[in-house]
Amino acid sequence: MIIVDATSAHLAAFYGGAPAVTCRAWAVLDGEQVLGVCGYFKHGIGNMVFTEMKPELRRHPRVMVSAGWRVLRHLAQLGKPVYAKCDQRIEAAERFLQHFGFARQPNGVFTWPA
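Let me begin by describing the structure that accompanies this report. Just so it is clear, the model here is predicted, and its values are computed rather than measured.

Val49, Val71, Leu72, Leu75, Val82 and Phe102 are the most contacted members of the largest nonpolar core, which has 22 residues in total. With five residues, the top contributor of residues to this core is helix 2 (residues 61–78). Listed in part, the eight residues of the second largest apolar core include Phe14, Leu29, Val34 and Phe50.

Spelled out as structure tokens, the structure:
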């Protein structure tokens, strides 16, 4: 598996069409198959991060952690607030965010100390 800068073709293959928002993203590829994407989009005065993956990628958490650090290193250079939301239906989602240093705020949004 490799992590690459996501192209519009990668995003369309993963989502079945163009994403709902303009974003900067990275794709996790296994051959030609896109197994996951992570990145960010502008949100208010900062940036909202996202990570989505197919079930096959959940067996390779180190790959997604590596991709996540790639996104956060990029965002650290921008110097703007970084936010994330957590899908509580996914067992390890909150733990994944906490691994990167995200902290839950009273409103349920997670923030990262850039």
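Think of an α-helix as turning once every 3.6 residues; residues three or four places apart then point the same way. The end-to-end C-alpha separation of helix 2 is 26 Å, in line with the 26 Å expected for 18 residues at 1.5 Å each. All of the buried residues along helix 2 are Met64, Ala67, Gly68, Val71, Leu72 and Leu75. Buried residues of helix 2, seen end-on, are gathered within an arc of 135 degrees and therefore sit on one face of the element. What points out from helix 2, more than 90 degrees from its buried face, is the exposed set Arg62, Arg73 and Gln77. At the C-terminal side of helix 2, Gly79 shows a positive phi close to 70 degrees.

Tallied over the full model, the rule gives five aromatic pairs. Ring centres of Phe14 and Tyr15 lie 5.1 Å apart, and the angle between their planes is 90 degrees; on these two criteria the pair is classed as edge-to-face. Classification of Phe14 by relative accessible area gives buried; the value is 15%. For the pair Phe96 and Phe100, a centre-to-centre distance of 5.0 Å together with 80 degrees between the ring planes defines the contact as edge-to-face. Take Phe100: its relative accessible area is 5%, and that puts it in the buried class.

With that settled, the discussion passes to the pattern of salt bridges. Enumeration over the complete set of coordinates arrives at three salt bridges. Measuring nitrogen to oxygen at the nearest pair gives 3.7 Å for the salt bridge that ties Arg24 to Asp5. On the criterion of sequence distance, the pair formed by Arg24 in strand 2 (residues 24–30) and Asp5 in strand 1 (residues 2–5) is long-range, its members being 19 residues apart. We classify Arg24 as partly exposed; its relative accessible area is 29%. Among the salt bridges present, the one from Arg89 reaches Asp87, with a minimum N-O distance of 2.9 Å. Among the residues examined, Arg89 registers a relative accessible area of 75% and is labelled exposed. Given a relative accessible area of 28%, Asp87 falls into the partly exposed group.

Cut-off values and rules
- Residues numbered from 1 in each chain as written.
- Predicted model: local features only at pLDDT ≥ 70, side-chain atom pairs only at ≥ 80, totals over all residues.
- Heavy atoms only, no water.
- Core = buried A, V, L, I, M, F, W, Y, C linked by side-chain atoms within 4.5 Å.
- Buried < 20%, exposed > 50% of the residue type's maximum accessible area, 1.4 Å probe, protein only.
- Helix = DSSP H or I, 4+ residues; strand = E, 2+ residues; numbered from the N terminus.
- Expected span 1.5 Å × (residues − 1).
- Arc of directions from axis to C-beta.
- Phe/Tyr/Trp six-rings, centres within 6.5 Å; stacked < 30°, edge-to-face > 60°.
- Salt bridge = Lys/Arg side-chain N within 4 Å of Asp/Glu carboxyl O.

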